[in-house]
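Here are the chains, one letter per residue:
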Amino acid sequence: MMPRLEARAEPSAWMSIASPVIAIGLTLVAGAMLLTALGRDPAEALWVYFVSPFTDAYSRAELVVKAVPLALIGAGLAVSFRANVWNIGAAGQYVAGAMAGGLVALGAPEATGTAWYVLYLAAGAAGGIAWAAIPAFLRTRFNANEILVSLMLTYVAVLLLDWAVRGPWRDPLGFGFPQSRDFTQTFHTPVILEGTRLHAGVLIAVIAAVALTLMMDRTLRGFELRVIGAAPRAGAFAGFSQTGAVWFALLVSGGLAGLAGAIEVSATVHQLQPDISAGYGFVAIIAAFLGRLNPAGALFGALILAVSYIGGENAQILLKLPKNVTGIFQGMLLFFLLGCDTLIRYRIVWGRRLAP
Amino acid sequence: MEAFLISVLIAATPFLLAGLGELVAERSGVLNLGVEGMMLVGAVAAFAVTYTTGSAAAGMLAGAGAGAALAGLFAIVALGLLANQAATGLALTIFGVGASGLIGQGFVGQTIKPLQKLGIPGLTDTTALGRILLGHDVMVYLALALALAVGWFLNATRAGLMLRAIGDNPEGAHALGFHVVRVRTLATLFGGFCAGLGGAYLSLAYTPMWGENMTAGRGWIALALVVFATWRPGRLVAGAYLFATVTQLQFYGQDWGIRLPSQFLAMAPYLATIAALVIISRDVNLTKANAPAAIGRPFRAER
């Protein structure tokens, strides 16, 4: 008796919702085994990881703060992946956005007024769009693989930022640390809950996710992207432009990643530093998949991943657990999720193998 | 110049190893984007074992084994459960970065004796050519031998023909009675084995130490290398040396009077990778001729 997969007549909508829940459960079980292997009490450690972030108001606000960049990037990636365009260089677009915003904020230290802040955000989005336009152009014009090009550009963006904050943008009063001047108050994303760091970026993330969901579900463009992603040949017969889809997917996801970079910098550290990206570009991929490649779903995916981040920070402080455990949790979660997603299209049957 | 050429031969070895492994996997129709993650766990496993046992050979095997183990995870999810290969490979890289960092935290800052250099007395020391070509550790030569072996296997053996058939047309190969999933699994494991070996070379020979994320994108460059080589082992060798040359420029550029900030020199390998991808990919005939037709497409025996 061997378990084997049998195709369902049609994809199971119920499994599509249940799969992330099962995957989270399996991650907790595997995580408990890992923590036991590290010589920790698994119950205590899992509590610190996954419950402690909810125990006080400040932590709950921090969860949302952490989720904002992941949600913004994840919503854009959901659109991109749906169109079968694999933008995995969101981290680079995020850095490019933060730098383009920095160009405005550091170039206009005297500026005051909301218009400047809006300009700052627009520059951030434009930076991400410009960075994503490179793989879009090379893919559509020269057929160069967008996965590899966008990823290579991430390394380039990070090095560019490193050069900028050690060179032309280095704060002369920064004791030689690699960091830019502080952004002035004009370029701070306003806090919306007194006593926490919860900022207006969360509103932008929600608006972006809802708008993209409506675009995907209700507009012809959204339909085109979904058809091209699911069945490129059918899309071609319908006259949908593959080139247009690649451009659109990359520019939307790049623009949102750039916006996320500009918002994150202006809301948390208020200056450019070499390590601002913190791997959000990669982790947002998991957020997009947890959200079922649905932009609004990415909001929830981002919150779940934010729990692992805040929990990981708590575990570092309270249990002296290494920070890499968080990465392992996140990688395992995506593994389990992809595995469970098989059950959307197939069911497990116990029985004799068919003849090969 | 002599030191530069010697360093190029060394730097090409991890590209060659990881690239050959991925080439075989892709030829069977499997696109595993987890090379970076497999190289990292290979690097840390090799360093940990060599540091504790003192045996570089044991370390090499441990690195290769760790890479293959991660590839096994990929095979279960992507080949067994038919998950999207691109996403599964990304998960593998995220997991590998985390796992290698966790395993390696006790080894940061430790040093080991680098892999022993071979040499033929009288030949290696006396001439510049001898010093450049003959004074390396055994892996530099094994990687080249592996390229020959892979080329022979793919082009001159029945098993290689079967593997390529599975990569081009899994349904047809299945109808002929070939075990598609089994062959793809083996090819994936071979890819992990080689990526782990490439990682091991980094932490045992290239820079005999462990540092978080020490592969610095080499796994991704190896993936690009396979495209650049248009899936042919011979071209992969040429590509590996070309990419290694660019990588080494950042260390020698300053000496040669290239007055650029170090960050710009460090960008060179990534920009060169993009340039190489563009040059190769723009010629559709070149890429289509050898690209496995069914790459990245899940296969399930329906009948």
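- If you look chain B up in an unreviewed UniProt entry, it shows as ABC transporter permease from Thermohalobaculum xanthum.
- What the UniProt record of chain B gives under Subcellular location (unreviewed entry) is the line "Cell membrane".

- By the naming in an unreviewed UniProt entry, chain A goes by ABC transporter permease and is assigned to Thermohalobaculum xanthum.
- In UniProt, chain A has this text filed under Subcellular location (unreviewed entry): "Cell membrane".

1. Brief notes about the side chain of Thr213 of chain A
Residue and element names in this part refer to chain A.
Move 1: Structurally, Thr213 can be placed in helix H7 (residues 201–218).
Move 2: A relative accessible area of 13% means that Thr213 is categorised as buried.
Move 3: In this structure Thr213 touches Asn294, Pro295 and Ala296, once residues within four positions along its chain are discounted.

2. Looking at the interface of chain B and chain A
Move 1: On the side of chain A, 46 residues touch chain B, which itself brings 47 residues to the contact.
Move 2: Taking both partners together, chain B and chain A bury about 4000 Å²; carbon and sulfur atoms supply 80% of that area.
Move 3: For the pair chain B and chain A, the number of links is one salt bridge.
Move 4: In this structure, the salt-bridge partner of Lys323 of chain A is Glu212 of chain B, at a minimum N-O distance of 3.6 Å.
Move 5: At the boundary of chain B with chain A, the tally comes to seven residue pairs in polar contact (both at pLDDT 80 or more).
Move 6: Of all the elements in the fold, those that place two or more residues in the side of chain B that touches chain A are helix H3 (56–80), helix H4 (85–104), helix H10 (218–228) and helix H12 (262–281) of chain B.
Move 7: Take the side of chain B that touches chain A: its biggest share by element is 13 residues, from H4 of chain B.
Move 8: The class makeup of the residues in the side of chain B that touches chain A is 31 nonpolar, 11 polar and five charged.

3. Notes on the pattern of salt bridges
Think of it this way: side chains of opposite charge can pair up when their charged atoms draw near.
All names here are of chain A.
Move 1: Considering all chains together, one arrives at nine salt bridges over all chains under this definition.
Move 2: Across the pair Asp162 and Arg166 runs a salt bridge whose closest N-O atoms are separated by 2.9 Å. One end of the pair is Asp162 and the other is Arg166, both in helix H6 (residues 146–166) and four residues apart, which spans about a single turn.
Move 3: The exposure class assigned to Arg166 is partly exposed, which follows from its relative accessible area of 41%.

4. Notes on H6 of chain A
All names here are of chain A.
Move 1: Its 21 residues give H6 an end-to-end C-alpha distance of 30 Å, which sits within 8% of 30 Å, the value for a rise of 1.5 Å per residue.
Move 2: Within H6, 16 of the 21 residues are buried, leaving the element largely enclosed by the surrounding structure.
Move 3: Here H6 starts with a cap whose side-chain oxygen sits 2.7 Å from the backbone nitrogen of Ile147, and that cap is Asn145.

5. A short note on the environment of Phe74 of chain B
Residues and elements named next belong to chain B.
Move 1: Relative to the helices and strands, Phe74 resides in helix H3.
Move 2: Each C-alpha atom of the pair Phe74 and Tyr141 lies 29 Å from the other, and the pair is 67 residues apart in sequence.
Move 3: Dropping the residues within four chain positions of it, Phe74 is found in contact with Val30, Leu31, Asn32, Leu79, Gln85, Thr88, Gly89, Leu92 and Thr188.

6. Looking at the side chain of Gln330 of chain A
Move 1: Its location among the elements puts Gln330 of chain A in helix H13 (residues 324–345).
Move 2: In this structure Gln330 of chain A touches Val283, Ile286, Leu305, Ser308 and Tyr309 of chain A together with Ile94 of chain B, once residues within four positions along its chain are discounted.

7. Points about the environment of Arg218 of chain B
All names here are of chain B.
Move 1: For Arg218, the location among the structural elements is in helix H10.
Move 2: Accessibility expressed as a relative area gives 11% for Arg218, which makes it buried.
Move 3: Placed 22 residues apart in sequence, Arg218 and Ala240 show a C-alpha to C-alpha distance of 11 Å.
Move 4: Looking at Arg218, its side chain comes within polar contact range of the main-chain oxygen of Met214, at 3.4 Å.

8. Description of the nonpolar core
Move 1: Core analysis: the biggest nonpolar cluster contains 214 residues, and Leu72, Ile73, Tyr120, Leu272 and Phe289 of chain A together with Tyr201 and Trp220 of chain B have the highest contact counts within it.
Move 2: With 13 residues, the single largest contributor to this core is helix H1 (residues 2–27) of chain B.
Move 3: The residues contacting Ile73 of chain A, other than those within four sequence positions of it, are Ala90, Tyr94, Ala257, Ala260, Tyr280, Gly281 and Ala284 of chain A.

9. Some words on the UniProt feature "transmembrane region" (unreviewed entry) in chain B
Move 1: If you check UniProt for "transmembrane region" (unreviewed entry), the listed places come out as residues 31–49, 61–83, 89–108, 129–154, 186–207, 219–244 and 264–280 of chain B in our numbering.
Move 2: Split by type, residues 31–49 of chain B is 79% helix and 0% strand. Its first and last C-alpha atoms lie 29 Å apart.

10. Quick notes on helix H4 (residues 90–107) of chain A
Move 1: For H4 of chain A, spanning 18 residues, the distance from its first C-alpha to its last is 25 Å, which sits close to the expected 26 Å at 1.5 Å a residue.
Move 2: Buried residues dominate H4 of chain A, accounting for 16 of its 18 residues.

What counts, and at which threshold
- Residues numbered from 1 in each chain as written.
- Chains lettered and ligands numbered in written order.
- Predicted model: local features only at pLDDT ≥ 70, side-chain atom pairs only at ≥ 80, totals over all residues.
- Heavy atoms only, no water.
- UniProt positions renumbered as here; feature names shortened; annotations may be inferred.
- Helix = DSSP H or I, 4+ residues; strand = E, 2+ residues; numbered from the N terminus.
- Buried < 20%, exposed > 50% of the residue type's maximum accessible area, 1.4 Å probe, protein only.
- Contact = heavy atoms within 4.5 Å.
- Buried area = accessible area lost by both parts, 1.4 Å probe.
- Salt bridge = Lys/Arg side-chain N within 4 Å of Asp/Glu carboxyl O.
- Polar contact = N/O pair within 3.5 Å; in protein donor to acceptor, adjacent residues only side chain to side chain.
- Nonpolar A, V, L, I, M, F, W, Y, C, P; charged D, E, K, R; others polar.
- Expected span 1.5 Å × (residues − 1).
- Core = buried A, V, L, I, M, F, W, Y, C linked by side-chain atoms within 4.5 Å.

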